[in-house]
Amino acid sequence: MEKKNRILVFGGTGYIGKNIVKASVSLGHPTLVYTRPLNSQTCPSKTQLCNDFNSMGVTLVQGELQHDQILKVIKQVDIVICALAYPQVMEQLKIIDAIKVAGNIKRFIPSGFGAEEERINPLPPFQAFLDKKINIRREIEAAGIPYTSVSANCCAAYFVNYLLRPYEKRNQIVVYGNGEAKAVLNYEEDVGMYTVKAANDPRTCNRVVIYRPPKNIISQNELISLWEQKCGYTFGKAFVSEEEIVKRSQTLPPPDNIPVSILHSVFVRGDFTGFEIGEEDLEASQLYPDYNYTSIRQLLDIFLVDPPAPASAAFG
Ligand code: NAP
Ligand code: EMF
């Protein structure tokens, strides 16, 4: 039996990161999570998650993003996956430096997990957001570190909850633009699984992998219709015009201007399906056809029985 790569996750206690950690464990990898020190100020949900990780056999390494500390743990693994929050995106330079010094890392996955950063041209606030991630891609390439960049498109539970608000039992749903543009909504657990698979796959070395499974390509209007079929209820629609959305992106102060710019890119412009997956591209469901991802239809069935808590407009 081939020895499993040891995987280290930065940001592993986060929204995306926890799915990566769980996927790493479920796929049989020795898994380490580098996390800021736990103390009396640590939020109870993170403390509980770390306890759960311990019981799953995850090795928790507590520390700050400081060179010597991260170098020491990087020397113990084969693969590094970073899921740090957006405000810490440039902190990845420290991880890149440590990987260069260590010299043992087979693959580095930077904290992308969203748009295909170099194939869309969104409103300025989202573009500025993407430019930082693109900068990190260039630094990784310049360092000669083997990498895989992940374009996970939209986290389905996050965005379906944000759009439908099932928890709030509203009779009207907000629609951005005319609701026709196609988005790609991928269940967070599948983002974790695809990411760990890709991180271990020779085919994806120094490549971008796009997560665009066919059953997860959907417009807001299609999503609402599906939800109406499942609920047996017809919702009113409150349309927010593109002009209003653009105006908000221009008038809201940073960082509040980023989420509205993302909504514009995803749901008004349809940027995330605005380019073809060509012969040269790597798409996750084509790379791993035997992996049964959770479709939007299946996710709505989950929401029916277990609606998530109210949406928050974070921009992690
Ligand atoms: P998050 O949950 O907000 O944070 C991830 C981790 O970052 C936290 O668990 C924490 O780890 C660490 N962190 C947070 N604040 C920090 C600070 N001040 N200093 C040092 N570390 C800090 O992040 P996320 O929402 O999962 O985002 C991860 C990536 O996914 C980002 O690149 C984001 O843009 C992307 N994303 C994409 C989507 C989508 O729909 N496509 C949705 C959400 C996020 P510890 O406390 O364990 O140190
Ligand atoms: O705030 C967000 O969405 C609100 C509508 C951010 C967290 C979501 C996100 C999405 C992305 O692409 C869809 C972060 C990074 C992305 O590239």
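Peer 1: Teacher, can you tell me more about the overall build of the protein chain here?
Peer 2: Each helix and strand counted, the protein chain has twelve helices and 13 strands in total. Here the C-alpha atoms of the protein chain give a radius of gyration of 20 Å, agreeing with the 20 Å that 2.2 N^0.38 yields for 316 residues. Based on the C-alpha atoms only, the size of the protein chain along its principal axes is roughly 55 × 45 × 40 Å. Out of the 316 residues belonging to the protein chain, those deemed buried represent 53%. Approximately 14,400 Å² of the protein chain is accessible, and the part contributed by carbon and sulfur atoms is 50%. Across the protein chain, the 33 positively charged side chains and the 34 negatively charged ones have centroids separated by 4 Å.

Peer 1: Sorry, what's going on with the sheet that holds strand β11 (residues 217-219) here?
Peer 2: Sheets are built from strands that pair by backbone hydrogen bonding, the pairs being arranged parallel or antiparallel. Spatially, β7-β9-β11 is the arrangement adopted by the three strands of the open sheet, whose pairing is mixed. In the strand order of this sheet, the two ends are held by β7 (154-155) and β11, each with one partner. Across two bridges, the pairing between β7 and strand β9 (residues 182-186) is parallel. Directly across from Cys154, in β9, lies its bridge partner Leu185.

Peer 1: I would appreciate a short explanation of the side chain of Ser249 in the present structure.
Peer 2: Structurally, Ser249 can be placed in helix α9 (residues 242-251). Residue Ser249 is classed as buried on the basis of its relative accessible area, which comes to 6%. Setting aside residues no more than four positions away along its own chain, Ser249 makes contact with Leu123, Pro125, Asn257, Val260 and Ser261.

Peer 1: Whenever I open this one, the pattern of salt bridges confuses me. Can you help?
Peer 2: When the charged atoms of two side chains with opposite charge come close together, those side chains can pair. This structure, assessed with the given rule, holds 13 salt bridges. Here Arg269 ties to Asp271 by a salt bridge, and the two come within 3.3 Å at their closest N and O atoms. You can call Asp271 buried: its relative accessible area is 10%. Linked by salt bridges that have partners in common, Glu116, Glu117, Glu118, Arg137, Arg138 and Glu141 make up one network.

Peer 1: Even after reading the chapter, I still don't get the packing of aromatic side chains, so can you show me in this structure?
Peer 2: Ring pairs (aromatic) are described by centroid distance and by the angle formed between their planes. With the rule as written, the count across this model stands at eleven aromatic pairs. A ring pair is formed by Tyr15 and Tyr158, whose centres lie 6.1 Å apart and whose planes are at 70°; its orientation type is edge-to-face. You can see Tyr15 sitting in the loop between β1 (7-10) and α1 (17-26) and its partner Tyr158 sitting in helix α6 (residues 156-164), a full 143 residues away along the chain. Looking at Tyr158, the relative accessible area reads 21%, which means it is partly exposed. What links up through ring pairs into an aromatic cluster is the set Tyr15, Tyr158, Phe159, Tyr162 and Phe267. Positioned over the ring face of Tyr162 is Arg165, at 4.8 Å from the centre of the ring. Between Lys215 and the ring centre of Tyr293, over which it is positioned, the NZ or CZ distance is 5.3 Å.

Procedures and definitions
Residues numbered from 1 in each chain as written. Chains lettered and ligands numbered in written order. Predicted model: local features only at pLDDT ≥ 70, side-chain atom pairs only at ≥ 80, totals over all residues. Heavy atoms only, no water. Helix = DSSP H or I, 4+ residues; strand = E, 2+ residues; numbered from the N terminus. Rg over C-alpha atoms; globule rule 2.2 N^0.38 Å. Buried < 20%, exposed > 50% of the residue type's maximum accessible area, 1.4 Å probe, protein only. Areas by Shrake-Rupley, 256 points an atom, 1.4 Å probe, with all protein chains shown as cover. Lys, Arg positive; Asp, Glu negative; His and termini not counted. Charge placed at Lys NZ, Arg CZ, Asp CG, Glu CD. Pairing = 2+ DSSP bridges. Contact = heavy atoms within 4.5 Å. Salt bridge = Lys/Arg side-chain N within 4 Å of Asp/Glu carboxyl O. Phe/Tyr/Trp six-rings, centres within 6.5 Å; stacked < 30°, edge-to-face > 60°. Lys NZ or Arg CZ within 6 Å of the ring centre and 35° of its normal.

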